[in-house]
Amino acid sequence: MRLWLVTCPDDFAGEYDDIEEMFKRGLTRLILDKRSRVRPATLEGFGNHPRASTDEYERWLMSLPMEFRDRIWVRGTPDAAEQLDVRGCVCEARAFIGDVPESWKRVNCVAICKSLDEATALPEWVSGALLGPMFQPLSAMEPVKTLTGAEFAADNGATFTQPQAEQNQAEQKTAPSSSQKLPSIIAWGGVDPETLADLKKLPFAEAINGVACLGGIWNYADPINAYIKLTRALDPRF
């Protein structure tokens with residue numbers, strides 16, 4: 001599995017040094033997702049900050065060597081990704097459904113999906129689905145509904161339960177199974193070395209080829225050590 005590192009929402013001292021060190025240690029996927037430093041007076045509460053603007057992202061990127069932009073996906077539209085000259089973008093799944101500009105289809109796009117239905121509805125030109133939360137996000141303060149456990153079984157069990165999988169085996173020669181319709185899945189939410197084993201038990205585990213992590217790295221006093229630990233858990237060769 002590939003590791004997709006999500007940036008800390010707010011800048012902090014040493015952030016660029018940590019990210020550059022992770023790039024040097026083999027990180028190939030960084031999702032740039034920041035809060036804006038401009039807080040409108042009409043918004044209340046720290047969590048209501050709008051996302052950073054393209055100009056703010058550009059200023060942030062200027063502190064990293066240009067060579068790393070090919071490893072960065074910006075949280076925004078394909079137009080923003082092209083303007084910033086980064087590898088691709090991460091955007092809500094609904095933005096990619098229906099008619100879209102042809103120029104978007106030449107950008108490496110990853111869709112944020114909150115359900116398997118959203119993931120299977122993506123057009124073929126979207127390169128992957130950021131699906132979750134799988135477990136309680138380590139960066140979240142309040143409990144959230146996850147795609148595993150009782151909620152997952154209730155919402156998606158009809159499609160992905162083991163009995164249905166066994167039934168599909170007899171039909172594989174004439175029709176693809178539901179899991180084969182899934183795009184490349186990047187699991188997010190509560191991912192750390194301890195939860196990786198649970199990910200591999202999911203009915204659609206074969207479609208998961210990456211995990212996205214925020215709190216599982218940035219919540220620790222030593223993010224570099226947390227990155228190394230998670231990388232080794234993903235691939236014992238490291």
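Small disclaimer: the values here were computed from a predicted structure and weren't measured.

Colleague: What exactly am I supposed to notice about the packing of aromatic side chains here?
Modeller: Think of a pair of aromatic rings as described by two things: how far the centres are apart, and how the planes are tilted against each other in angle. Following the criterion strictly, the structure yields six aromatic pairs and no others. Relative to W125, the ring of F96 lies with its centre 5.5 Å away and its plane at 85°, an arrangement referred to as edge-to-face. With F96 in the loop between strand 4 (88-92) and strand 5 (108-113) and W125 in the loop between helix 4 (116-120) and strand 6 (128-131), the pair connects residues that are 29 residues apart, well separated along the chain. Aromatic ring contacts, followed pair by pair, group F96, W104 and W125 into a single cluster.

Colleague: Even after reading the chapter, I still don't get the sheet that holds strand 4, so can you show me in this structure?
Modeller: Strands belonging to one sheet form pairs held by backbone hydrogen bonds; the direction of such a pair is parallel or antiparallel. Here eight strands make up a closed barrel; going around it, the order is 1-2-3-4-5-6-7-8 and the pairing parallel. With strand direction ignored, the average angle separating the axes of adjacent strands in the sheet is 25°. Both strand 1 (residues 2-6) and strand 8 (residues 208-213) contribute to a ladder of four bridges, which runs parallel. Bridging across to strand 8, L5 finds its partner in C213.

Colleague: Would you mind showing me how to read the pairing of strand 6 here?
Modeller: Note on strand geometry: in a regular strand, side chains alternate between the two faces of the sheet. Residues G128 and L130 line one face of strand 6 and the alternating positions A129 and L131 line the opposite face, and both faces are buried. The pairing of strand 5 with strand 6 spans four bridges and is parallel. Paired with C113 across the bridge in strand 6 is L131.

Colleague: Is there a simple way to explain the side chain of E56 in this structure?
Modeller: Note that E56 resides in helix 2 (residues 54-61). An unpaired buried charge is present at E56: no salt bridge exists, and R59, the closest side chain of opposite charge, is 4.6 Å distant. One polar contact links the side chain of E56 to the main-chain amide nitrogen of S53, over a distance of 2.9 Å. When sequence neighbours within four positions are dropped, the list of residues in contact with E56 reads S36, R37 and V38.

Colleague: Looking at this model, I keep getting lost on unusual backbone geometry. Mind explaining?
Modeller: One can expect most non-glycine residues to show negative phi and most peptide bonds to be in trans. Of note, the amide linkage connecting G132 to P133 takes the cis form, showing an omega dihedral of 5°. Relative to the elements of secondary structure, P133 occurs in the loop between strand 6 and helix 5 (149-160). In this model, D85 sits at a positive phi of 60°, which is unusual for a non-glycine residue. Tracing the backbone through its elements, the reader meets D85 in the loop between helix 3 (78-84) and strand 4.

Colleague: Would you mind showing me how to read helix 1 (residues 15-24) here?
Modeller: Two residues of an α-helix separated by three or four positions point the same way, owing to the 3.6 residues in each turn. Of all the positions in helix 1, only E15, D18, I19, M22 and F23 are classed as buried. Looking down the long axis of helix 1, one finds its buried residues gathered within 140° of arc, a one-sided arrangement. Facing away from the buried side of helix 1, by more than 90 degrees, are the exposed residues D17 and K24. Elements that come into contact with the buried residues of helix 1 comprise strand 1, strand 2 (30-32), helix 2, strand 3 (72-75), helix 8 (215-218) and helix 9 (223-234). At the exit of helix 1 stands G26, carrying a positive phi of roughly 115°.

Colleague: Looking at this structure, I do not really get the environment of A93. What am I missing?
Modeller: You can see A93 is positioned in the loop between strand 4 and strand 5. Once you skip the residues sitting within four places of it in the chain, A93 turns out to touch A111, I112, C113, E118 and L122.

Colleague: It is not clear to me how the pattern of salt bridges should be interpreted in this structure. Could you clarify?
Modeller: A side chain with one charge can pair with a side chain of the opposite charge if their charged atoms come near. Scanning the entire structure with this criterion turns up 11 salt bridges. Measuring nitrogen to oxygen at the nearest pair gives 2.5 Å for the salt bridge that ties R37 to D11. Taken together, the residues R37 in the loop between strand 2 and helix 2 and D11 in the loop between strand 1 and helix 1 connect sequence positions 26 residues apart. Among the ionic pairs, K24 bridges to E20, the shortest N-O distance being 3.9 Å. Linking K24 with E20, this pair stays in helix 1, spanning four residues, or about one helical turn. Look at K24 and you get exposed, because its relative accessible area is 59%. Through salt bridges with shared partners, one network takes in D11, E15, K34 and R37.

The rules behind each value
- Every residue gets a number counted from 1 within its own chain, in the order that chain's sequence is written.
- Only residues with pLDDT of at least 70 are given local features in this predicted model, and only at 80 or more are side-chain atom pairs given and counted; all residues enter the totals for whole chains, interfaces and linings.
- Working from all heavy atoms in the structure, the side-chain values ignore hydrogens and water.
- Under the pairing criterion, centres of Phe, Tyr and Trp rings, with the six-membered ring standing for Trp, must be within 6.5 Å; the plane angle then separates stacked pairs below 30 degrees from edge-to-face pairs above 60, leaving the rest tilted.
- Here a helix means four or more residues in a row that DSSP labels H or I, a strand means two or more in a row labelled E, and each is numbered from the N terminus.
- DSSP calls a pair of strands paired once it identifies at least 2 bridges connecting them.
- An axis is simply a line fitted to the C-alpha atoms; with a helix, the fit covers only the stretch in contact. Between two such axes, the angle follows the N-to-C directions and lies from 0 to 180 degrees.
- Relative accessible area decides the class of each residue, using a 1.4 Å probe on protein chains only: under 20% of the type maximum gives buried, over 50% gives exposed, and in between gives partly exposed.
- Charge counting treats Lys and Arg as positive and Asp and Glu as negative, with His and both chain ends excluded.
- Note on definitions: salt bridges are taken to be side-chain nitrogens of Lys or Arg within 4 Å of carboxyl oxygens of Asp or Glu.
- Between N or O atoms, a polar contact is any pair within 3.5 Å; within protein, one atom must be a potential hydrogen donor and the other a potential acceptor, and residues adjacent in sequence are included only when both atoms are from side chains.
- Contacts are assigned to residue pairs with any non-hydrogen atoms lying within 4.5 Å of each other.
- Comment: arc refers to directions from the helix axis out to C-beta atoms.

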